[in-house]
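# Understanding the architecture of this molecule
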Amino acid sequence: MKSKVLVVDDVMINRGILTEILEDDYDVIEADNGKTALEIIDKNIQDLSVILLDLMMPVMDGYQVLENLRER
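Notes on the structure in this doc start here. Since this is a predicted model, take the numbers as computed values, not measurements.

Rules behind the numbers
- Residues numbered from 1 in each chain as written.
- Predicted model: local features only at pLDDT ≥ 70, side-chain atom pairs only at ≥ 80, totals over all residues.
- Heavy atoms only, no water.
- Helix = DSSP H or I, 4+ residues; strand = E, 2+ residues; numbered from the N terminus.
- Rg over C-alpha atoms; globule rule 2.2 N^0.38 Å.
- Buried < 20%, exposed > 50% of the residue type's maximum accessible area, 1.4 Å probe, protein only.
- Areas by Shrake-Rupley, 256 points an atom, 1.4 Å probe, with all protein chains shown as cover.
- Contact = heavy atoms within 4.5 Å.
- Polar contact = N/O pair within 3.5 Å; in protein donor to acceptor, adjacent residues only side chain to side chain.
- Core = buried A, V, L, I, M, F, W, Y, C linked by side-chain atoms within 4.5 Å.
- Patch = residues over 30% accessible without salt bridge, like charges linked within 9 Å, V, L, I, M, F, W, Y side chains within 5 Å.
- Salt bridge = Lys/Arg side-chain N within 4 Å of Asp/Glu carboxyl O.
- Pairing = 2+ DSSP bridges.
- Right-handed = clockwise from strand over helix to strand, strands pointing away.
- Axes fitted to C-alpha atoms, helices over the stretch in contact; angles between N-to-C directions.

What follows deals with the overall build of the protein chain. Helix and strand counts for the protein chain come out as 3 helices and 3 strands. Rg of the C-alpha trace for the protein chain: 12 Å, near the compact-globule value of 11 Å for 72 residues, within the 12% margin. Its C-alpha atoms give the protein chain principal-axis dimensions of roughly 30 × 25 × 15 Å. Residues counted as buried form 31% of the 72 residues belonging to the protein chain. Per element, the accessible surface of the protein chain, about 4800 Å² overall, is 52% carbon and sulfur.

Structurally, the position occupied by Arg72 is in the segment after helix H3 (62–71). Once residues lying within four places of it in the same chain are set aside, the contact partners of Arg72 are Leu38 and Asp42. Only 2.5 Å separates the side chain of Arg72 from the side chain of Asp42, close enough to count as a polar contact.

Turning to the nonpolar core, a few remarks are in order. One finds Leu6, Val8, Ile29, Ala31, Ala37, Leu38, Ile40, Ile41, Leu48, Met57, Met60 and Val65 forming the largest nonpolar core, which totals 12 residues. Mapped onto this core, the elements with two or more residues apiece are strand S1 (3–8), strand S2 (26–31) and helix H2 (34–44). Take this core: its biggest share by element is 4 residues, from H2.

Turning to a nonpolar patch on the surface, a few remarks are in order. A surface patch of nonpolar side chains, about 380 Å² in accessible area, is lined by Val11, Ile13, Ile17 and Ile21. Following the sequence through the fold, Ile17 ends up in helix H1 (residues 12–22).

We now examine the pairing of S2. Two strands pair when backbone bridges link them, and S1 and S2 are joined in this way by 6 bridges, in the parallel orientation. In the strand pairing of S2, Lys4 is matched with Asp27. At this point the chain moves from S1, through H1, to the parallel S2, and the crossover so formed is right-handed.

Think of a sheet as strands paired side by side through backbone hydrogen bonds, with each pair either parallel or antiparallel. Spatially, 3 strands are ordered S2-S1-S3 in an open sheet, and the strand pairing comes out parallel. Each end of this open sheet is capped by a strand with a single partner; those strands are S2 and strand S3 (48–53). The sheet shows a mean angle of 20° between the axes of neighbouring strands, taken without regard to direction. Where S1 and S3 come together, 5 bridges link them in parallel fashion. Counterpart to Lys4 in the pairing with S3 is Leu48. Each of S1, S2 and S3 touches H1; the most contacted strand, S2, lies at about 170° to it.

Structural data, given as structure tokens:
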């Protein structure tokens, strides 16, 4: 079974490039903003090995995601 990686970036091409690079070795999950990322993290927390997180995004930026995770 492959490890799971969450790629969080609002730019679709960035997510696509990272997914293409990683998909041979990892199961890649994508999110386009921090709010969606937190929802995915809540559902997959036991299975995620790595989160690649863009810091500058709409809706909820990477700093807010990190703060939310730290508070938990």
